[in-house]
Amino acid sequence: MEREEAIRRLQLLKGEDLHKVGECHGIYATVNGRQNKGWAGQVCERHLGLPLNSARSPNFGSWELKVVPLKYLKNGALVFKETMAICMIDKVEVARNDFYASHLLRKLSKMVVVARTVESDYTEPSYVYKVIDFVLSEELYEHIEKDYDEVRSVIRDPRRGFDCLTGRMGVLVQPRTKGPGHGSQSRAFYARKELLREIFGSLN
């Protein structure tokens, strides 16, 4: 699907409860009594006609779809609930490639990002709030390249290596563990809230 058509279709979801949209596609926030953490993204993908997919390439070929949660503070301000996973970190791929040839850049270069509001419980209504057509600017490219190079230097350093990657690294993009439990050996690149604010601008 072309990017422009996808954005048009996603805009039609603004104000819609994704739980109800998901029911039409047989996708639920709870599966076998447990939270289905990726349900909101799956709903948006199915709304656009994409089968459930875990491929490493951008999920619509030339562009990437991401969904991020927002929450309301007690004062009514709308903020990002959490950071956004971008892609897994393959230590061999990162060690071999500079940022220009990286999987991270392929994911970031052209994204369509959907923001949805959430309540305190994941089973409560979740409404599509904003759809952003994001193209990586030269300024952001330079900042993220520095974050990537920091990760790459740690991985390539025989005294440190992959296991020394920590979420304290990076200004806009950070490497963090991904998977069940704090002992997970998997790492992923995450967009910090600072980068999300660059992507969305003002939320209110």
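Look up a bit, the structure's there.
Residues numbered from 1 in each chain as written. Predicted model: local features only at pLDDT ≥ 70, side-chain atom pairs only at ≥ 80, totals over all residues. Heavy atoms only, no water.

*Asks:* Just to check I follow, could you spell out the nonpolar core for this structure?
*Replies:* Within soluble globular proteins, side chains that are nonpolar tend to cluster in buried spots. Among the nonpolar cores identified, the biggest contains 37 residues, and Ile-86, Leu-104, Ile-144, Phe-189, Ile-199 and Phe-200 are the most heavily contacted of them. If one sorts the elements of this core by residue count, helix α6 (residues 138–156) sits on top with 6 residues. The contacts of Phe-200, once residues within four sequence positions are left out, are Val-68, Phe-80, Val-113, Val-114, Ala-115, Lys-130 and Ile-132. Listed in part, the 19 residues of the second largest apolar core include Leu-18, Ile-27, Leu-65 and Val-128. (Core = buried A, V, L, I, M, F, W, Y, C linked by side-chain atoms within 4.5 Å. Buried < 20%, exposed > 50% of the residue type's maximum accessible area, 1.4 Å probe, protein only. Helix = DSSP H or I, 4+ residues; strand = E, 2+ residues; numbered from the N terminus. Contact = heavy atoms within 4.5 Å.)

*Asks:* In this structure, what is going on with the packing of aromatic side chains? I would like to understand it.
*Replies:* Two numbers describe a pair of aromatic rings. These are the distance of the centres and the angle of the planes. Applying the stated criterion across every chain, the model contains 4 aromatic pairs. On the basis of an interplanar angle of 65° and a centroid distance of 5.0 Å, the ring pair of Phe-99 and Tyr-141 is categorised as edge-to-face. With Phe-99 in the loop between α4 (91–96) and α5 (103–109) and Tyr-141 in helix α6, the pair connects residues that are 42 residues apart, well separated along the chain. Ring centres of Phe-99 and Tyr-148 lie 5.5 Å apart, and the angle between their planes is 50°; this geometry places the pair in the tilted category. Here Phe-99 is found in the loop between α4 and α5, whereas its partner Tyr-148 is found in helix α6, with 49 residues between them in sequence. (Phe/Tyr/Trp six-rings, centres within 6.5 Å; stacked < 30°, edge-to-face > 60°.)

*Asks:* Just checking my understanding: could you explain the sheet that holds strand β9 (residues 187–191) for this structure?
*Replies:* Pairing between the strands of a sheet comes from backbone hydrogen bonds, and it takes one of two forms, parallel or antiparallel. Strand order in the open sheet formed by 3 strands is β5-β9-β8, with antiparallel pairing between adjacent strands. Edge strands, defined here as strands with exactly one partner in the open sheet, are β5 (84–88) and β8 (173–177). Each adjacent strand pair in this sheet contributes to an overall mean axis angle of 40°, direction not counted. With 4 bridges connecting them, β5 and β9 associate as antiparallel partners. Counterpart to Ala-85 in the pairing with β9 is Tyr-190. (Pairing = 2+ DSSP bridges. Axes fitted to C-alpha atoms, helices over the stretch in contact; angles between N-to-C directions.)

*Asks:* Honestly, the environment of Glu-5 in this entry has me stumped. Any pointers?
*Replies:* Mapped onto the elements of the fold, Glu-5 is located in helix α1 (residues 3–11). In the structure, Glu-5 is positioned 43 residues away from Leu-48 in sequence and 9.2 Å away in space, judged by C-alpha atoms. Here Arg-8 takes part through its side chain, which lies 2.7 Å from a polar atom of the side chain of Glu-5. (Polar contact = N/O pair within 3.5 Å; in protein donor to acceptor, adjacent residues only side chain to side chain.)

*Asks:* Is there a simple way to think about the state of the cysteines in this case?
*Replies:* Two cysteines form a disulfide when their sulfur atoms are joined by a covalent bond. Inspection of every chain in the model, using the stated rule, returns 0 disulfides. Free of any disulfide, Cys-87 has its nearest cysteine sulfur in Cys-44, 20 Å distant. On the accessibility criterion, Cys-87 (8% relative accessible area) is buried. (Disulfide = S-S within 2.5 Å.)

*Asks:* Just to check I follow, could you spell out the pattern of salt bridges for this structure?
*Replies:* Charged atoms that come close allow side chains of opposite charge to pair. Tallied over the entire structure, the rule returns 9 salt bridges. With its nearest N and O atoms 3.2 Å apart, the salt bridge here joins Lys-107 to Glu-64. Here Lys-107 is found in helix α5, whereas its partner Glu-64 is found in strand β3 (residues 64–72), with 43 residues between them in sequence. A residue is classified by how much of its surface remains accessible, and Lys-107, at 6% relative accessible area, is buried. Ionic contacts of the salt-bridge type, sharing partners, join the residues Glu-5, Arg-8 and Arg-9 into one network. (Salt bridge = Lys/Arg side-chain N within 4 Å of Asp/Glu carboxyl O.)

*Asks:* What exactly am I supposed to notice about the side chain of Thr-117 here?
*Replies:* By secondary structure assignment, the location of Thr-117 is in strand β6 (residues 110–117). Each residue touching Thr-117, except ones within four places of it in the same chain, is listed here: Leu-70, Tyr-72, Leu-78, Pro-125, Ser-126, Tyr-127 and Tyr-129.

*Asks:* Would you mind showing me how to read α1 here?
*Replies:* Since there are 3.6 residues in each turn of an α-helix, residues three or four apart along the chain are aligned in direction. Of all the positions in α1, only Arg-3, Ala-6, Ile-7 and Leu-10 are classed as buried. One face of α1 carries all of its buried residues, which in axial projection span an arc of 100°. Of the surrounding secondary structure, the elements contacted by the buried residues of α1 are α3 (39–47), β3, β6 and β7 (128–135). (Arc of directions from axis to C-beta.)

*Asks:* What am I meant to see in the environment of Leu-203 here?
*Replies:* On the secondary structure map, Leu-203 appears in the segment after α7 (193–200). C-alpha of Leu-203 to C-alpha of Arg-192: the two residues are 11 residues apart in sequence and 16 Å apart in space. When sequence neighbours within four positions are dropped, the list of residues in contact with Leu-203 reads Leu-70, Leu-78, Val-79, Phe-80 and Tyr-129.

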